[in-house]
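These are the residues of each chain, in order.
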Amino acid sequence: RGQGGGTRAPGAGGARGEIVAVTTETATVHRLAPAVAARLLGVVLCLVAVLILASTLAIAVLDLHTVFLLVPVLLTVAVLLGCWWAWRTRGWVVRMTAQGYRVQWVRGVGVPSGRWKDVEDAVTTTVAEAPVVVLRLRDGRTTTIPVQMLAVDREAFVRDVQDHLQRGHGLRKL
């Protein structure tokens, strides 16, 4: 795991773990910020608590055996394991490769993926008082990435985007 939440990971495998493509390039992955993940987990836990409360009340009203409480408890464990698995495997927000980028889990992102050659420039601004990086595409469309959703420092993310954009345009650092 890299500094500031970005990780370098080799090319992805297939659905059953087989190798789809052999490549030496790496992808930079910026994951969901812990504060955002905690909020999402809080919502899930509240929903699970409501489910257990409703089940408990239903069991009391219908005068069922308390063993039936195992059903919502097991369902809770399954939901929490599913959330953990989803966060572990798909918990990234921005993935950048030498060819382009992909953004997920962001409402109002605009264009969720694109090639670096199609990006005219990248600018930082604020939207609804939140810092964002906007990738402006040559055809006038944009990709908006809210930096607060990322588990990385704002300046480090901007530098990473600039590096990928320069490499995508064939430019090298001096």
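J.: An account of the pattern of salt bridges is needed here, citing residue identities and associated values.
T.: Summed over the entire model, instances satisfying the criterion amount to 3 salt bridges. Between Arg141 and Asp139 there is a salt bridge, with the nearest N and O atoms lying 2.8 Å from each other.

J.: How would you summarise the pairing of strand β2 (residues 27–31) if you had to cite specific residues and measurements?
T.: Of all 5 residues in β2, 5 are buried, a share of seventy percent or more. Note: β2 against strand β3 (residues 92–96), 4 bridges, orientation antiparallel. Bridging across to β3, Val29 finds its partner in Arg95.

J.: Explain the side chain of His164 to me, using residue names and the numbers behind them.
T.: For His164, the position within the fold is in helix α3 (residues 154–168). Polar contacts involving the side chain of His164 include one to the side chain of Thr28, which spans 3.5 Å.

J.: Can you tell me about the environment of Thr144, naming the residues and giving the values?
T.: By the secondary structure assignment, Thr144 is in strand β8 (residues 142–146). You can call Thr144 buried: its relative accessible area is 18%. Distance from Thr144 to Val127, taken between C-alpha atoms, is 9.2 Å for residues 17 residues apart in sequence. Ignoring any residue separated from it by four or fewer positions in sequence, one finds Thr144 in contact with Val106, Gly108, Val109, Val132, Val133 and Val134.

J.: Just give me the short version of the nonpolar core, but keep the residues and values in it.
T.: Core analysis: the biggest nonpolar cluster contains 26 residues, and Val94, Tyr101, Leu135 and Phe157 have the highest contact counts within it. Those elements giving two or more residues to this core turn out to be α1 (34–62), β3, β4 (100–103), β7 (130–137) and α3. With 4 residues, α3 is the single largest residue contributor to this core. Apart from residues no more than four positions distant in its own chain, Tyr101 is found in contact with Arg95, Met96, Val111, Pro112, Ser113, Gly114, Trp116, Val119, Leu135, Leu137 and Thr143.

The rules we used
Residues numbered from 1 in each chain as written. Predicted model: local features only at pLDDT ≥ 70, side-chain atom pairs only at ≥ 80, totals over all residues. Heavy atoms only, no water. Salt bridge = Lys/Arg side-chain N within 4 Å of Asp/Glu carboxyl O. Buried < 20%, exposed > 50% of the residue type's maximum accessible area, 1.4 Å probe, protein only. Helix = DSSP H or I, 4+ residues; strand = E, 2+ residues; numbered from the N terminus. Pairing = 2+ DSSP bridges. Polar contact = N/O pair within 3.5 Å; in protein donor to acceptor, adjacent residues only side chain to side chain. Contact = heavy atoms within 4.5 Å. Core = buried A, V, L, I, M, F, W, Y, C linked by side-chain atoms within 4.5 Å.

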